[in-house]
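Analysis of the macromolecular model
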Amino acid sequence: MEAFNRPHVYRLSDRAHHLFEQLAQNPDNGASASLAKDIAMLSSLFTKERTRISARYLDDPALKAGYAAYFLPVNFAKVQLLLSEMPDDWAERSELSVLDIGAGPGTASLAVWDWLATHAQVNPPALHVTAVDHSTAALKQSARLWQIYGQEAPEGRAHLTTVAEQIEKLVRVGVSGAIHAPAPFDLIIVANCVNELFQESSDPDTDRVTLLERLLASLRQDGTLMVVEPALRSTARALHRTRDRLLAQGVCTVYSPCLHDRSCPALLHPDDWCHEERPWDPPNWITAFDQAVGLIKDALKFSYVLLRKDGRVIVPRSPNVYRVVSELRILKGEKRAWLCNETGRPEVGRLDRLASTSNQALDSWRRGELVQIDRIIRKEREGKLSGLGRIPEDGVVRILREV
């Protein structure tokens, strides 16, 4: 396997930057101070006060404006990072059918259109998006932003259909019964939505599994189901549980981030969970709102899973290929990180005195990267192997996919 080149730090395209900058400055959205207050309230609801989240928070004009000015470009960027992680040929069809579940103001829908307009070759595929949300106010905003973006990308062939419907209805009657959409879909996106559903259910985990089963049934055999969730322990662990149950039922396999289809090892310890932290260059108004509100968006943080039905994977799986699932910790005399693959979730390090040309790639490990290690040594103590593995001086470390 050849090593991947480290990608550039993520930046919004010029078209997306222009559109979102208008949302942050549009007088219809109110003054900046007012927007900052709404952003602060949303941030609190999304993190510290999750039990207070209303299913219809985007019906509130102030919260809708705050979301559009700040959270829309942030979540737009997360979706685009994952579009770039999908197989290279996903956008090579002449037509693409996309289902955006819990679409809100069209964050994921716009992310797909902009990604195709920016990355696709000479003739971008004709794009057909079905955006589903229970908030008619959010869907109206989605249609308006779609129209504005279309003025920026007149060469694109893109069509948006909005459907006002309760997402929970899909569990009872399936996709076709709830929204009458032309399945199967090439791509289904559920972004920052699953954790907000079934709040009143006696068994929310089962309902969420059933929802994703319904969506997988409406996915093309070679399509992708993208599920993005906040980088919080509670929401990430719920996603891990959902992943495990879907895999146990044999309805899909994991393309990424996991390098195996076994039970998630992060669930073995109540304090563990997996999330991403990807570098980006935030636009100036995001930085300004951060300073005003006391937030920090210097990196894009989220949990996710890309599911498929054809068994395709991001890299060939092997016991010596791992995903880095923590920051690289600089300790006295050594460096360590937590890794994950089919063998579990080991802690692996290298003593500084054993640094060499063959293992120096460890020094630049970042969370989310895929690495190959030819040898890890674990000492035996009292008849048991130590949980800490160390890379020897002659060990070979390669970064297969960088972030």
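Residues numbered from 1 in each chain as written. Predicted model: local features only at pLDDT ≥ 70, side-chain atom pairs only at ≥ 80, totals over all residues. Heavy atoms only, no water.

For the protein, the count of helices and strands is nine helices and 17 strands. Its C-alpha atoms give the protein a radius of gyration of 22 Å, near enough to 22 Å, the size a compact globule of 403 residues would have. For the protein, the C-alpha atoms occupy an extent of roughly 65 × 50 × 45 Å along the three principal directions. Within the protein, the proportion of its 403 residues that are buried is 55%. Considering only contacts in the protein between residues 6 or more positions apart, those separated by 24 or more positions represent 76%. Distance from the positive charge centre (50 side chains) to the negative charge centre (52 side chains) of the protein: 4 Å. (Helix = DSSP H or I, 4+ residues; strand = E, 2+ residues; numbered from the N terminus. Rg over C-alpha atoms; globule rule 2.2 N^0.38 Å. Buried < 20%, exposed > 50% of the residue type's maximum accessible area, 1.4 Å probe, protein only. Contact = heavy atoms within 4.5 Å. Lys, Arg positive; Asp, Glu negative; His and termini not counted. Charge placed at Lys NZ, Arg CZ, Asp CG, Glu CD.)

Taken as a whole and judged by the stated rule, the model has three cavities of 30 Å³ or more. Considering only enclosed or pocket space, the largest cavity measures out at about 240 Å³ in volume. Put simply, the parts of the chain that give the lining of the largest cavity at least two residues each are helix 8 (233-248), strand 8 (299-308) and strand 9 (321-324). Partitioning the lining of the largest cavity into residue classes produces twelve nonpolar, five polar and four charged. (1 Å grid on protein atoms, 1.4 Å probe; cavity = no way out; pocket = protein on both sides within 12 Å on 5 of 7 lines; lining within 4 Å. Points joined across faces, edges and corners; volume = space filled by probe spheres on them. Nonpolar A, V, L, I, M, F, W, Y, C, P; charged D, E, K, R; others polar.)

All told, the structure shown has eleven aromatic pairs when counted by the stated rule. Here the aromatic rings of phenylalanine 46 and tyrosine 67 are separated by 6.5 Å at their centres, their planes lie at 90°, and the arrangement is edge-to-face. Residue phenylalanine 46 is found in helix 2 (residues 32-46), and its partner tyrosine 67 is found in helix 3 (residues 61-85); the two are separated by 21 residues along the sequence. The class for phenylalanine 46 is buried, based on a relative accessible area of 14%. Since its relative accessible area comes to 9%, tyrosine 67 is described here as buried. Consider the rings of tryptophan 113 and tyrosine 149, whose centres lie 4.9 Å apart with planes at 65°: the pair is edge-to-face. Of this pair, tryptophan 113 sits in helix 4 (residues 107-119) while tyrosine 149 is found in helix 5 (residues 136-152), placing the two residues 36 residues apart along the sequence. (Phe/Tyr/Trp six-rings, centres within 6.5 Å; stacked < 30°, edge-to-face > 60°.)

Here the largest pocket is characterised by a volume of approximately 830 Å³. In this structure, the largest pocket is lined by 41 residues; those nearest its centre are Phe46, Phe71, Asn75, Asn192 and Pro230. Those elements that provide at least two residues to the lining of the largest pocket are helix 2, helix 3, helix 4 and strand 8. Residue contributions to the lining of the largest pocket peak at five residues, all from helix 3.

Now for the environment of tryptophan 338. For tryptophan 338, the location among the structural elements is in strand 11 (residues 334-340). Note on tryptophan 338: relative accessible area 33%, which makes it partly exposed. Between the C-alpha atoms of tryptophan 338 and alanine 62, which are 276 residues apart in sequence, the distance is 42 Å. Excluding residues within four positions of it along the chain, tryptophan 338 makes contact with Arg323, Val324, Val325, Ser326, Arg329, Arg345, Pro346 and Glu347.

This brings us to the pairing of strand 12 (residues 347-351). For strand 12, the tally of buried residues reaches five of five residues, placing the bulk of the element in the interior. Relative to strand 12, strand 11 runs antiparallel, the two being bridged by five bridges. Pairing of glutamate 334 across the sheet is with leucine 351, part of strand 12. With antiparallel pairing between neighbouring strands as the criterion, strand 11 and strand 12 make up a hairpin whose turn holds six residues, including glycine 344 at a positive phi of roughly 130°. By the bridge criterion, three bridges tie strand 12 to strand 16 (residues 388-390) in an arrangement that is parallel. (Pairing = 2+ DSSP bridges.)

Bringing the confidence of the model for the protein into the picture now. Interpretation of the predicted coordinates at a detailed level should be avoided for regions scoring low in pLDDT. When pLDDT is averaged across the protein, the result is 90; 93% of the residues are at 70 or more. Predicted confidence for residues 1-5 stays below pLDDT 50, and this span has 16 contacts to residues more than four positions away or in other chains. Low pLDDT, under 50, characterises residues 27-31; the stretch is placed with four contacts to residues that sit more than four places away or in other chains. (pLDDT = per-residue confidence, 0-100.)

Counted under the stated rule, the structure contains 24 salt bridges. For arginine 308, the salt bridge is made with aspartate 310, and the minimal N-O distance between the two is 2.7 Å. One network of salt bridges, with partners in common, ties together Arg329, Glu334, Arg336, Glu347 and Arg390. (Salt bridge = Lys/Arg side-chain N within 4 Å of Asp/Glu carboxyl O.)

Here we take up helix 9 (residues 284-293). When we look at burial in helix 9, the residues that qualify are Trp285, Ile286, Phe289 and Asp290. Looking down the long axis of helix 9, one finds its buried residues gathered within 145° of arc, a one-sided arrangement. Opposite the packed face of helix 9, turned more than 90 degrees from it, sit the exposed residues Asn284, Gln291 and Ala292. Where the residues of helix 9 are buried, they touch helix 1 (14-25), helix 2 and helix 3. Looking one or two places after helix 9, you find glycine 294, whose phi comes out positive at around 90°. (Arc of directions from axis to C-beta.)

In this section: helix 1. Compared with the 16 Å implied by 1.5 Å per residue over twelve residues, the 17 Å span of helix 1 between its first and last C-alpha is a close match. Regarding helix 1, the residues found buried are Ala16, Leu19, Phe20, Leu23 and Ala24. Along helix 1, the residues classed as buried sweep out an arc of 140° about the axis, all on the same side. Every exposed residue of helix 1 that faces more than 90 degrees away from the buried side is listed here: Asp14 and Gln25. (Expected span 1.5 Å × (residues − 1).)

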